[in-house]
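Descriptive structure summary
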Amino acid sequence: SGPANIIFVNAGATHLQRRWIDNLLPDGRLLIPLTFSRDEEGQLLRITRRSSGFSAEFMQRVFIYPCFGSRDDTYAQDVR
């Protein structure tokens, strides 16, 4: 995939993939549900690429399926 205005991750992840951030166009948005356990709720995070970096905002609570390949349960326990 290449540059995008909107990237929506439709599964719970413990961390971002660098390629998602790298592929955001200026003013592009990334929506990702961050979860800390496979069985618990998480928070929908919106990241927007700005001319001088990025802004991030938690939008709402979510319950969602795990994102295989973007989960690290050890890491999730460390940030709790």
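Residues numbered from 1 in each chain as written. Predicted model: local features only at pLDDT ≥ 70, side-chain atom pairs only at ≥ 80, totals over all residues. Heavy atoms only, no water.

Before going further, it helps to spend a moment on the pattern of salt bridges. Under the definition given, this model contains two salt bridges. Taking the shortest distance from any N to any O, the salt bridge between Arg18 and Asp22 comes out at 3.0 Å. With Arg18 and Asp22 both in helix α1 (residues 18-22), this residue pair falls four residues apart, about one helical turn. Looking at Asp22, the relative accessible area reads 43%, which means it is partly exposed. (Salt bridge = Lys/Arg side-chain N within 4 Å of Asp/Glu carboxyl O. Helix = DSSP H or I, 4+ residues; strand = E, 2+ residues; numbered from the N terminus. Buried < 20%, exposed > 50% of the residue type's maximum accessible area, 1.4 Å probe, protein only.)

Quick look at the environment of Leu44 now. Relative to the helices and strands, Leu44 resides in strand β3 (residues 42-50). Through-space distance from the C-alpha of Leu44 to that of Arg61 is 6.2 Å; in sequence the pair is 17 residues apart. Once you skip the residues sitting within four places of it in the chain, Leu44 turns out to touch Leu31, Ile32, Pro33, Glu57, Phe58, Met59, Gln60 and Val62. (Contact = heavy atoms within 4.5 Å.)

Counting residues in hydrophobic clusters, the biggest one holds twelve residues: Ala4, Ile7, Val9, Ala13, Trp20, Ile21, Leu24, Leu30, Ile32, Leu34, Leu45 and Ile47. Among the elements that make up this core, the one with the highest residue count is strand β2 (residues 24-35) (four residues). (Core = buried A, V, L, I, M, F, W, Y, C linked by side-chain atoms within 4.5 Å.)

Take the sheet that holds strand β4 (residues 53-62) next. Strand order in the open sheet made by the four strands is β1-β2-β3-β4, with mixed pairing throughout. Each edge of the sheet is formed by a strand with only one pairing partner; in this case those strands are β1 (4-8) and β4. Within the sheet, the average angular offset between the axes of one strand and its neighbour, ignoring direction, is 15°. In this sheet, β3 lies alongside β2 in antiparallel orientation, the contact comprising seven bridges. Each residue of the ladder has a partner; that of Pro33, found in β3, is Leu44. (Pairing = 2+ DSSP bridges. Axes fitted to C-alpha atoms, helices over the stretch in contact; angles between N-to-C directions.)

Further remarks concern the pairing of β2. In this sheet, β2 lies alongside β1 in parallel orientation, the contact comprising four bridges. Bridging from a neighbouring strand, Ile6 pairs with Arg29 of β2.

For the protein, per-residue confidence averages 84 on the pLDDT scale, and 81% of positions sit at 70 or higher. In the model of the protein, helix α2 (residues 73-79) stands out as the element of lowest mean pLDDT, 61, in contrast to β1, which has the highest, 95. (pLDDT = per-residue confidence, 0-100.)

Attention now goes to the environment of Gly12. Inspection of the secondary structure assignment puts Gly12 in the loop between β1 and α1. Overall, Gly12 belongs to the buried group, its relative accessible area being 0%. Sequence spacing of Gly12 and Thr35 is 23 residues, and the spatial spacing of their C-alpha atoms is 5.4 Å.

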